[in-house]
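Chain by chain, the residues run as shown.
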Amino acid sequence: MDVRNKTVVVTGAGRGIGQAIALKLARHGADIALFDVNAADLEATAALCAAEAVQARGYRVNVADEEDVSAAMTRVAADFGRLDGLVNNAGIVRDALLVKVKDGAVIGRMAMDQWNAVISVNLSGVFLCAREAAAHMIELGNGGVIVNISSISRVGNAGQSNYSAAKAGVASMGVVWAKELARYGIRVGSIAPGFTHTEILASMRPEVLDKLTAPVPLKRLGRPEEIAHAVLFIFENDFFTGRCLDVDGGLRL
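Student: Even after reading the chapter, I still don't get the environment of Asp2, so can you show me in this structure?
Tutor: Mapped onto the secondary structure, Asp2 falls in the segment before strand E1 (7–11). According to the relative accessible area criterion, Asp2 is partly exposed, its value standing at 38%. A distance of 2.5 Å separates polar atoms of two side chains, one belonging to Asp2 and the other to Arg4.

Below, the structure is given as structure tokens:
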């Protein structure tokens, strides 16, 4: 797909990887619909994208809310007159051990609130956005591309039962949708970032960051722009569908 003059929805677009993805697509000529829960972040990202001489609009959306997502996708199709792409990037973390033990005694458990919050946003939110975007793409008849942002944690990461389960589900749903939607001209791919330099990681102590990068062959964190470049690759390569790209500096080698 040539993204010029196409309309792409990016969720979690207010900052970090989502902002980098939105800006990358805008720089290549795509009009951008930005979904996020933070109005100030939306405004900032919209201004950056608009500076690239494309249309950019922010929509305050809770991706875990079915009515919110349905209404927002309908507004996007009406506002832009088309819907060609979706990047499912929105996500949260609520890390905890399944059970926390001290001196042989269980002193804590992952709470259901921690489990439900992550599953709602990171898994159900991806499902809802893809379902509504695909419905509009089919009705508009122009095909499209859906990219899900999974994570290297999809293979299992200690302290992330909720996050790992959600991100594994995100990658699996991408395979299912690639099979189901190809007949409508819709391709679906996933990207699994490794440790990436976002605000969360930037706030960590240097010694903690050293431990994160130690097992990475390239010995550094990824940059949001590098994840965004992988998203653009999937959009532009018309023979790519149903696969998950690990963009992790070689962590899983």
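Student: Can you walk me through the nonpolar core in this structure?
Tutor: Generally speaking, nonpolar side chains in soluble globular proteins are found buried as a group. The biggest cluster of nonpolar side chains holds 32 residues, and the ones touching the most others in it are Val10, Ile21, Leu25, Ile32, Val87 and Phe235. Going through the elements one at a time, E1, helix H1 (16–27), strand E2 (31–36), helix H2 (39–50), strand E7 (144–149) and helix H8 (224–236) are the ones with two or more residues in this core. In terms of residues, this core owes the most to one element, H8, which gives seven residues. Leu128, Cys129, Ala178 and Leu181 belong to the second-largest nonpolar core, a separate cluster that totals 30 residues.

Student: Looking at this model, I keep getting lost on the pairing of strand E5 (residues 99–102). Mind explaining?
Tutor: Two faces belong to every sheet, and in a regular strand the side chains alternate between them. Examined bridge by bridge, E5 and strand E6 (residues 105–109) share four bridges and lie antiparallel to one another. Bridge pairing links Lys100 to Gly108 in E6. What sits between the antiparallel neighbours E5 and E6 is a turn of two residues, in which Asp103 has the positive phi angle 55 degrees.

Student: Looking at this structure, I do not really get the sheet that holds strand E4 (residues 85–88). What am I missing?
Tutor: A sheet is described by the order of its strands in space; here seven strands give the open sequence E3-E2-E1-E4-E7-E8-E9, paired in parallel fashion. A strand with exactly one partner marks an edge of an open sheet, and here the two such strands are strand E3 (56–60) and strand E9 (244–247). Adjacent strand axes in the sheet meet at a mean angle of 15 degrees when their direction is disregarded. Pairing of E7 with strand E8 (residues 186–193) involves six bridges; the strand directions are parallel. Following the sheet pairing, Asn148 is matched in E8 by Ser190. Lying on the sheet, H1 is in contact with E1, E2, E4 and E7; it crosses E1 at an angle near 170 degrees.

Student: I'm lost on the packing of H1 against H2 in this one. Help?
Tutor: For any two helices packed against each other, one specifies the inter-axial angle together with the distance between the axes. Between H1 and H2, whose axes approach to 9 Å, the crossing angle comes to 20 degrees. When the axes of H1 and H2 are compared, the pair comes out roughly parallel. Crossing of H1 against H2: the hand is right-handed. Of the residues in H2, those touching H1 at Gln19, Ala22, Leu23 and Ala26 are Thr45, Leu48 and Cys49. Per-class residue counts for the contact of H1 with H2 are five nonpolar, two polar and no charged.

Student: Would you mind showing me how to read a nonpolar patch on the surface here?
Tutor: Taken together, the side chains of Leu98, Val99, Val101 and Val106 make up a nonpolar region of the molecular surface, amounting to roughly 350 Å² of accessible area. Note that Val106 resides in strand E6.

Student: Hey, could you run me through the layout of surface pockets in this one?
Tutor: Rolled over the atoms, a probe as big as a water molecule pinpoints where empty space is left. In this structure, the second largest pocket occupies an estimated 160 Å³ of space. Taken together, Gly16, Gln19, Ala20, Leu23, Lys24, Arg27, Pro224, Glu225 and Ala228 make up the full set of residues lining the second largest pocket. Those elements that provide at least two residues to the lining of the second largest pocket are H1 and H8. Looking at the lining of the second largest pocket, the element that brings in the most residues is H1, giving six residues. Taken together, the residues of the lining of the second largest pocket break down into four nonpolar, two polar and three charged.

Student: Honestly, the packing of helix H4 (residues 112–140) against helix H5 (residues 161–181) in this entry has me stumped. Any pointers?
Tutor: With their axes 8 Å apart at the nearest point, H4 and H5 run at an angle of 15 degrees to one another. Put simply, H4 runs roughly parallel to H5. For the element pair H4 and H5, the recorded crossing hand is right-handed. On H5, the residues that touch Gln114, Trp115, Val118, Ile119, Asn122, Leu123, Val126, Phe127, Ala130, Ala134 and Ile138 of H4 are Ser161, Asn162, Tyr163, Ala165, Ala166, Lys167, Gly169, Val170, Met173, Trp177 and Leu181. Split into classes, the residues belonging to the contact of H4 with H5 amount to 16 nonpolar, five polar and one charged.

Calculation criteria
Residues numbered from 1 in each chain as written. Predicted model: local features only at pLDDT ≥ 70, side-chain atom pairs only at ≥ 80, totals over all residues. Heavy atoms only, no water. Helix = DSSP H or I, 4+ residues; strand = E, 2+ residues; numbered from the N terminus. Buried < 20%, exposed > 50% of the residue type's maximum accessible area, 1.4 Å probe, protein only. Polar contact = N/O pair within 3.5 Å; in protein donor to acceptor, adjacent residues only side chain to side chain. Core = buried A, V, L, I, M, F, W, Y, C linked by side-chain atoms within 4.5 Å. Pairing = 2+ DSSP bridges. Axes fitted to C-alpha atoms, helices over the stretch in contact; angles between N-to-C directions. Contact = heavy atoms within 4.5 Å. Parallel < 35°, antiparallel > 145°, perpendicular 65-115°, else oblique. Left-handed = near helix turned anticlockwise from the far one by under 90°. Nonpolar A, V, L, I, M, F, W, Y, C, P; charged D, E, K, R; others polar. Patch = residues over 30% accessible without salt bridge, like charges linked within 9 Å, V, L, I, M, F, W, Y side chains within 5 Å. Areas by Shrake-Rupley, 256 points an atom, 1.4 Å probe, with all protein chains shown as cover. Salt bridge = Lys/Arg side-chain N within 4 Å of Asp/Glu carboxyl O. 1 Å grid on protein atoms, 1.4 Å probe; cavity = no way out; pocket = protein on both sides within 12 Å on 5 of 7 lines; lining within 4 Å. Points joined across faces, edges and corners; volume = space filled by probe spheres on them.

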